[in-house]
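Coordinate inspection notes
As a plain string of letters, each chain reads:
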Amino acid sequence: MSSMEELLAGWNEKFRPHADGAQLPPHHPHCLACGPDNPHGHHLTVHRRGEEVHATHVFDERHVGAPGIAHGGAVATVFDDLFGFLLYLTGGPAVTRKLEVLYDSPVILGTTYDLAARVTRTEGRKLFMEADMKQLGGSRVASASALFLSVDVTHFNQGMPR
Ligand SMILES: CCCCCCCC(=O)SCCNC(=O)CCNC(=O)[C@H](O)C(C)(C)COP(=O)(O)OP(=O)(O)OC[C@H]1O[C@@H](n2cnc3c(N)ncnc32)[C@H](O)[C@@H]1OP(=O)(O)O
């Protein structure tokens, strides 16, 4: 099965309503952040909590930037993908148009972090989102804001081999 077929497989299942507390399905098996079959991936597991999505995550040596510290791009990857799970609550596909990350403190490898994301405003096709990453029961280490734009499923045809 191609990655595109994997993305579209169960599309209706992905965008059906998900109960509060439910674990949300990965975008597709090889997704860099949430795909269970991607050996380089973050294997993010995400749950719905009310109108938010939540995850806990431990960055490891595959995500290293400075020694012992997560690469800023890896942190951004996790935020971007977490925003992608909010689409299961808003009910349709959208893609990142703008992503901004504020790095408050180094994200330390081997440490468990709590992440939460929410939609703050919608305006036509525009979805404005915010997220934060905190030490367990502790202070914020990073936050992010994003603009996603709703797209038709044909958007993803652009990834098909030519
Ligand atoms: C199934 C889901 C998986 C989710 C995985 C996790 C998320 C991802 O990693 S997605 C991958 C990364 N993102 C991408 O590849 C997207 C690449 N970009 C594109 O394809 C296009 O630019 C796309 C589709 C986003 C937008 O294109 P297009 O439809 O032409 O929109 P565009 O005309 O630029 O903008 C639409 C509206 O947004 C507004 N807008 C655009 N950029 C901004 C901005 N930075 N700030 C505020 N408004 C903006 C525009 O002004 C316009 O407003 P209006 O309709 O009121 O005039």
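Residues numbered from 1 in each chain as written. Predicted model: local features only at pLDDT ≥ 70, side-chain atom pairs only at ≥ 80, totals over all residues. Heavy atoms only, no water.

**Some remarks on the sheet that holds strand 1 (residues 46-49)**
Formally: Here, any two strands with at least 2 DSSP bridges between them count as paired. Secondary structure elements are taken from DSSP: a helix is a run of H or I of four residues or more, a strand is a run of E of two residues or more, and numbering for both begins at the N terminus. To obtain each axis, a line is fitted to C-alpha atoms, and for helices this fit is confined to the stretch in contact; angles are then taken between N-to-C directions over 0 to 180 degrees.
Ordered in space as 1-2-4-5-6-3, the 6 strands form an open sheet in which the pairing is antiparallel. Edge strands, defined here as strands with exactly one partner in the open sheet, are strand 1 and strand 3 (94-103). Each strand axis lies, on average, 25° off the axis of its neighbour in the sheet, ignoring direction.

**Brief notes about the UniProt feature "domain: Thioesterase" (unreviewed entry) in the protein chain**
The following threshold applies: UniProt positions are given in the numbering used here, feature names are shortened, and annotations may be inferred rather than shown by experiment.
When the UniProt feature table is mapped onto this chain numbering, "domain: Thioesterase" (unreviewed entry) sits at residues 68-140. Regarding residues 68-140, the helix share stands at 26% and the strand share at 45%, and the terminal C-alpha atoms are separated by 18 Å.

**As for the site of the ligand**
Note the following rule: A molecule or strand has a residue near it when one of that residue's heavy atoms lies within 4 Å. Whenever two N or O atoms come within 3.5 Å, that pair is a polar contact, provided that in protein one can donate a hydrogen and the other can accept it, and provided that, for residues adjacent in sequence, both atoms are side-chain atoms. Using the Shrake-Rupley algorithm and a 1.4 Å probe, accessible areas are obtained, with residue cover drawn only from the displayed protein chains. Side-chain classes follow a simple rule in which Ala, Val, Leu, Ile, Met, Phe, Trp, Tyr, Cys and Pro form the nonpolar group, Asp, Glu, Lys and Arg form the charged group, and the remainder, Gly included, forms the polar group.
Lining the immediate surroundings of the ligand are 15 residues, of which Asp80, Thr96, Arg125, Lys126 and His155 lie closest. At 2.8 Å, a side-chain N or O of Asp80 approaches an oxygen atom of the ligand. One of the backbone nitrogen or oxygen atoms of Thr96 is found 3.1 Å away from a nitrogen atom of the ligand. Its free accessible area being 1200 Å², the ligand has 53% of it covered by the protein chains. Looking at the shell around the ligand, the elements that each hand over two or more residues are helix 3 (72-90), strand 3 and strand 6 (140-150). In the shell around the ligand, the residues fall into 7 nonpolar, 3 polar and 5 charged.

**Considerations on the nonpolar core**
Quick note on the threshold: Note on terminology: a nonpolar core comprises buried Ala, Val, Leu, Ile, Met, Phe, Trp, Tyr and Cys residues joined through side-chain atoms within 4.5 Å. Burial status follows relative accessibility: with a 1.4 Å probe on protein chains alone, a residue under 20% of its type maximum counts as buried, one over 50% as exposed, and anything between as partly exposed. Between two residues, a contact is recorded if the distance between any of their heavy atoms is within 4.5 Å.
Among the nonpolar cores identified, the biggest contains 42 residues, and Phe59, Phe79, Phe83 and Met133 are the most heavily contacted of them. Those elements giving two or more residues to this core turn out to be helix 1 (3-8), strand 2 (52-58), helix 3, strand 3, strand 4 (112-123), strand 5 (126-135) and strand 6. Per-element accounting of this core gives the leading share, 11 residues, to helix 3. Beyond its immediate stretch of four places on either side in the chain, Phe79 contacts Val101, Leu115, Ala131, Asp132, Met133, Ala142, Ser143 and Ala144.

**A look at the environment of Leu8**
By the secondary structure assignment, Leu8 is in helix 1. Accessibility expressed as a relative area gives 34% for Leu8, which makes it partly exposed. Linking Leu8 and Glu123, residues 115 residues apart in sequence, is a C-alpha distance of 26 Å.

**Quick look at the pairing of strand 1**
Taking every second residue as pointing to the same face, the buried face of strand 1 carries Val46 and Arg48, while none of His47 and Arg49 on the other face is buried. Of the strand pairs in this sheet, strand 1 and strand 2 are connected by 4 bridges, and their pairing is antiparallel. Residue pairing in the sheet places Arg49 in a bridge with Glu52 of strand 2. Counting the residues between successive antiparallel strands, the hairpin from strand 1 to strand 2 contains 2 residues, one of them, Gly50, with a positive phi of roughly 60°.

**Digging into the pattern of salt bridges**
In plain terms, the rule: Any Lys or Arg side-chain nitrogen found within 4 Å of a carboxyl oxygen on Asp or Glu counts as a salt bridge.
Summed over the entire model, instances satisfying the criterion amount to 8 salt bridges. Of the charged contacts in the structure, one is a salt bridge between Arg16 and Glu13, with a shortest N-O distance of 3.2 Å. Since its relative accessible area comes to 44%, Glu13 is described here as partly exposed. Between Glu123 and Lys126 there is a salt bridge whose closest N-O contact spans 3.6 Å.

**Side note on the packing of aromatic side chains**
The geometry of an aromatic ring pair comes down to the distance between the two centres and the angle between the two planes. Test applied: Between 30 and 60 degrees the pair is tilted, below 30 it is stacked and above 60 it is edge-to-face, where a pair is any two Phe, Tyr or Trp rings, Trp via its six-membered ring, whose centres lie within 6.5 Å.
Enumeration according to the criterion identifies 3 aromatic pairs in this entry. Plain terms: the ring middles of Phe15 and Tyr88 are 5.4 Å apart, the flat faces sit at 65° to each other, and that makes the pair edge-to-face. Linking Phe15 in the loop between helix 2 (11-14) and strand 1 with Tyr88 in helix 3, this pair joins segments that are 73 residues apart in sequence. With respect to burial, Phe15 and Tyr88 carry one shared label: buried. A centroid spacing of 5.6 Å and a plane angle of 85° characterise the contact between Phe85 and Tyr88, whose relative ring orientation is edge-to-face. Here Tyr88 and Phe85 lie together in helix 3, a separation of 3 residues that amounts to about one turn. Per residue, the accessibility class of Phe85 equals that of Tyr88, and both read buried.

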